[in-house]
Amino acid sequence: MTAVPESTRLALFPLQSVLFPDGLLGLKVFEARYLDLISTCVRDRVPFGVVALRQGQEVRRPGERVEFEAVGCSAEVIEIDGAQPGILHARCRGVQRFNVRSSEQQPGGLWVAAVEWIEPDEAALPAEEHLASAQALAALIRTMRTKGPVPFLEPYRFEDAGWIANRWCEVLPIPLAARQKLMELPDPQVRLKLVDQFLKQKGIVQAP
């Protein structure tokens, strides 16, 4: 994994989605500001920041007001395909969460922020009452493999409560605002507990 730089300045990529640490992010990039951003990140091996949009669109519209969440996740580019002229397809990995302390939009439209890094989740075994959620995730991945690419990056860490919770958060049919709140939670065990409750309510995991 690419080391996160000590600098608190981070270029932002506002999206209508939430990126979690170790999450897989696919991007189709065609705007000049983001083509330059991705090219710079690849060349200099530096991350960029992903923040979920509260207001506004991913594609720039003159005069449109843009608001995004105050907590985001940095991303590193792990694969890039520039076969189509003027378009980049990038696969990225979520790295580390951050708080946006201040932000400004540059003349070309790119947002740049002063950020404060959030400590990564401490690796912890899932509580016994949440083991069924880990087993259900493993079963889901096996099913996904029979149908096509799995939207999770390896290695799979079924012994890590935060990793399990994050992967479920990425695929569950929950509102963007709820997904954002789950990403922000500082305690991975609490995050997994909430996910486990949702899975049991929906009958995805059987309650004891």
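To keep things clear, this report deals only with the structure shown in the data block. (Residues numbered from 1 in each chain as written. Predicted model: local features only at pLDDT ≥ 70, side-chain atom pairs only at ≥ 80, totals over all residues. Heavy atoms only, no water.)

## Side note on the packing of aromatic side chains
- All told, the structure shown has seven aromatic pairs when counted by the stated rule.
- Taking the centre distance of 6.0 Å and the plane angle of 45 degrees together, the rings of Tyr156 and Trp163 count as tilted.
- Owing to a relative accessible area of 2%, Trp163 belongs among the buried residues under this scheme.
- Taking the centre distance of 5.5 Å and the plane angle of 85 degrees together, the rings of Phe158 and Trp163 count as edge-to-face. (Phe/Tyr/Trp six-rings, centres within 6.5 Å; stacked < 30°, edge-to-face > 60°. Buried < 20%, exposed > 50% of the residue type's maximum accessible area, 1.4 Å probe, protein only.)

## Quick word on helix α5 (residues 188-201)
- Taking 1.5 Å of rise per residue, the 14 residues of α5 would be expected to cover 20 Å, and the 20 Å separating its terminal C-alpha atoms lies within 8% of that figure.
- The set of residues buried in α5 consists of Pro188, Arg191, Leu192, Val195, Asp196, Phe198 and Leu199. Buried residues along α5 cover an arc of 160 degrees about the axis, so they all sit on one side.
- On its buried side, α5 packs onto β6 (88-105), α2 (131-147), α3 (161-171) and α4 (176-184).
- Between the side-chain oxygen of the N-cap and the backbone nitrogen of Gln189 there are 2.9 Å, and the N-cap of α5 in question is Asp187.
- The first or second residue beyond α5 is Gly203, which carries a positive phi of 80 degrees. (Helix = DSSP H or I, 4+ residues; strand = E, 2+ residues; numbered from the N terminus. Expected span 1.5 Å × (residues − 1). Arc of directions from axis to C-beta. Contact = heavy atoms within 4.5 Å. Polar contact = N/O pair within 3.5 Å; in protein donor to acceptor, adjacent residues only side chain to side chain.)

## Regarding the pattern of salt bridges
- Under the criterion given, the structure shown has 15 salt bridges.
- With a shortest N-O distance of 4.0 Å, Arg145 and Glu154 are connected by a salt bridge.
- Among the residues examined, Glu154 registers a relative accessible area of 54% and is labelled exposed.
- The salt bridge partner of Lys200 is Asp196, with a shortest N-O separation of 2.8 Å. Separated by four residues within a single helix, Lys200 and Asp196 lie in helix α5, roughly one turn from each other. (Salt bridge = Lys/Arg side-chain N within 4 Å of Asp/Glu carboxyl O.)

## Describing the nonpolar core
- Residues Leu137, Ile141, Phe152, Ile164, Trp168, Leu172 and Val195 are the most contacted members of the largest nonpolar core, which totals 27 residues.
- Put simply, the parts of the chain that give this core at least two residues each are α2, α3, α4 and α5.
- Among the elements that line this core, the one with the most residues is α3, at six residues.
- Contacts of Ile141, omitting those with residues within four sequence positions, involve Val150, Phe152, Tyr156, Phe158 and Trp163.
- With 21 residues, the next largest nonpolar core counts Leu19, Val29, Val50 and Cys92 among its residues. (Core = buried A, V, L, I, M, F, W, Y, C linked by side-chain atoms within 4.5 Å.)

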